[in-house]
Structures are given as structure tokens and as C-alpha cells.
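# Summary of the model geometry
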Amino acid sequence: MTPTAFDAMPMTPPEVIAPEIFLIPNLAPGPDGLYLPVNSMVIRGREPVIVDTGAPVHRALWLDKVFAVVEPQDVRWIFLSHDDGDHTGALFDVLERCPRATLVTNFFSVERLALEKPALPLARMRWIEPGGSFDAGDRVLKLFRPPVFDGPTSRGLFDPKSGAMWMVDSFPCFTPGSLDADEMPQDLLSQVMPALSSAISPWHAWLDSAAYLRHVDAVEALGARTVASAHGPVLRGERLDDAFDRLRALAGTPVIPTPGQELLDALLAPTLAEAG
Ligand SMILES: [Fe+2]
Ligand SMILES: [Fe+2]
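Residues numbered from 1 in each chain as written. Chains lettered and ligands numbered in written order. Predicted model: local features only at pLDDT ≥ 70, side-chain atom pairs only at ≥ 80, totals over all residues. Heavy atoms only, no water.

## Some words on the coordination of the iron ion (ligand 1)
Applied cut-off: Because water is not among the atoms used, a metal site may look incomplete, as its donors are only the N, O and S atoms within 2.8 Å, or 3.2 Å for Na, K and Ca. Working rule for geometry: tetrahedral if four donors all subtend angles between 85 and 135 degrees; square planar for four, octahedral for six, if opposite donors exceed 155 degrees and the others stay between 65 and 115; irregular in every other situation.
For the iron ion (ligand 1), the protein coordination sphere consists of H82 (NE2), D84 (OD), D150 (OD) and D169 (OD), at 2.0 to 2.2 Å. Coordination geometry of the iron ion (ligand 1): the four donor atoms subtend angles of 79 to 167 degrees at the metal centre, consistent with an arrangement described as irregular. Each donor residue of the iron ion (ligand 1) belongs to the same chain, and together they define the spacing H-x1-D-x65-D-x18-D. The metal-metal distance between the iron ion (ligand 1) and the iron ion (ligand 2) is 3.4 Å, with D169 serving as a donor to both.

This is the structure:
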């Protein structure tokens, strides 16, 4: 098989980020030698929860990592934050290998997934809306709508017992390799996180500041001490405060442009030079 850029990614083993909370990190190629995190999470409490199921490109690696921290037979919950492909990569593998698990999702995710995947087992689901919760034995996990998001079905998850929060697609940032915001160059966080946030939620340009800030404040008031997300580093303390402030600053500001034809030309230039 021809090697791809994904074969050259640094190793990223599961990491304990809070008591019984494991980050399942994977990386994808990004610009300028940086990487895009594609994370998910496992809550290994009395009734273990798998939080999102990774991207299709990482499927085999993702399965190895997740089942290195939890036995498939022990998994009782699969929390699907939303139906985007980079969160549903191993969904069917998990449903098959974890027969005791209930899928926490919602009506609209199921509608949307029905257009691209085989039928999901309705009898194994629970549909929970933002503001709702489910009891995982030794903790009650709360669902909320993330501050920004690229899919209408997105729901974050907060574990009051460990203080850990799953922020879905909010707080995205390329990384040189680390998944800890304290170890990353701070100018990368201050420049790239707003740019990627704008890319996933260009509707921020139309936001009424007062209404949006009430929403961001309510998420912050849940009181998370450790915040993990699908496409960014783990945030705590000051780094977390900064990330919330960056989100607030997006309200009503112009969309930050993503690279255009110039980047495509630059990417193609070596191939065209070789051919010519
Ligand atoms: Fe998404
Ligand atoms: Fe995502």
C-alpha cells in the first residue's frame, strides 16, 4: 500500500487528563509542519463512557487506543457529540464490540446519519437535548450546547465529578505535537484558535454580543477545570480563561479568511515544476 501523510504522524498514546478521564488523541497533517488534533475521550467510571468515535482515517489506531484503556464488554455508554464524519469514524465498530453500550445522541443526528450510514439501532439509543443529563453510575453527565460549532446537532458533555468537559469542535488549534496547551507556543494559540474558530463557525460575524456572551458565560459557569476538545489541546487554568475570552471576542467581528487559490497554487507548484 502507498504510504500517506497519515503514516508519518507522531505517536500519541492515550493520556490521563483528569481522574479516570482519558484523552484519545490522533493527529492529521496541518500547514507549516503542524498537526490538526482529532481527539476523543473515555470516561472510565463505574459505567464507562466513550465520548465520540474518531475519524475514519484513524479508525484502526483509534480502536487500539480506546480498547487499551477500557474493555469493550465494560463500555456502557457511547456519547456522540454530533454526526460529523470525524466524530463517527468507528461508531459501528463500537456498537458491535460493546454490546452493553447505549448510544447517547439525538433525533436530528439520527436523521442526518441515515443519509450516509447503515441504519442505527434505535432500541440501543437515548436521545438527550442540551440541558439534559444521564446517570453513568458514579456521576451524572450533563449535556450543553458548545459555544461555537460546525454542526447543528452538537452537544458538549460535562462531568461535575472530575471537572472534565468535552467541548466538541470549540477551541480548535493546530499543534506542533503536544496536546497540552501549557506546552504549546502561546502565539499559536492566540492566532490560530480564533482563525479556526472562525472557519468552523463563520456565523460569529452576525452574533449579537450580549446574547452570545450570555451563552458563553453559561458554558463557563458549568465550572470545568479541564477542557478537552476534538481539534485542540487540553486547556486548564489561565489557558482556559484565555480560550473563553478569545471566543467572546469573535462576536460580531468579520470572518477570518481561510487560505484560497494562492495556497493551492503553492501546494501544486512542486508537482507542476516536476512535470514541466
Ligand atoms: Fe464538527
Ligand atoms: Fe470535528
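## A word on a nonpolar patch on the surface
Put simply, the rule reads: A patch consists of residues whose relative accessible area exceeds 30% and which take part in no salt bridge; residues with like charges are grouped when within 9 Å of each other, and nonpolar side chains (Val, Leu, Ile, Met, Phe, Trp, Tyr) when within 5 Å. Residue-level accessible areas treat just the shown protein chains as cover; the underlying method is Shrake-Rupley with a 1.4 Å probe. Salt bridges are defined as contacts in which a side-chain nitrogen from Lys or Arg sits within 4 Å of a carboxyl oxygen from Asp or Glu. Secondary structure elements follow DSSP: runs of H or I of four or more residues count as helices, runs of E of two or more count as strands, with numbering from the N terminus.
Where nonpolar side chains cluster on the molecular surface, the patch consists of F107, F108, L122 and W127 and spans about 440 Å² of accessible area. With respect to the helices and strands, F107 occurs in helix α3 (residues 107-113).

## A word on the environment of E129
Inclusion rule: Burial here depends on accessible area, computed with a 1.4 Å probe over protein chains only, as a share of the maximum for the residue type. Under 20% is buried, over 50% is exposed, and the range in between is partly exposed. We call two residues in contact when some of their heavy atoms are within 4.5 Å. What qualifies as a polar contact is a pair of N or O atoms within 3.5 Å, subject to a donor-acceptor requirement within protein and to the restriction that residues adjacent in sequence count only when both atoms come from side chains.
As for its position among the elements, E129 is in the loop between β9 (125-127) and β10 (133-135). Residue E129 is classed as partly exposed on the basis of its relative accessible area of 41%. Separated by 25 residues in the primary sequence, E129 and V104 have C-alpha atoms spaced 9.8 Å apart. Sequence-distant contacts of E129, defined by excluding residues within four places in its chain, comprise N106, L143 and R155. Among the polar contacts made by the side chain of E129, one reaches the side chain of R155 at a distance of 2.5 Å.

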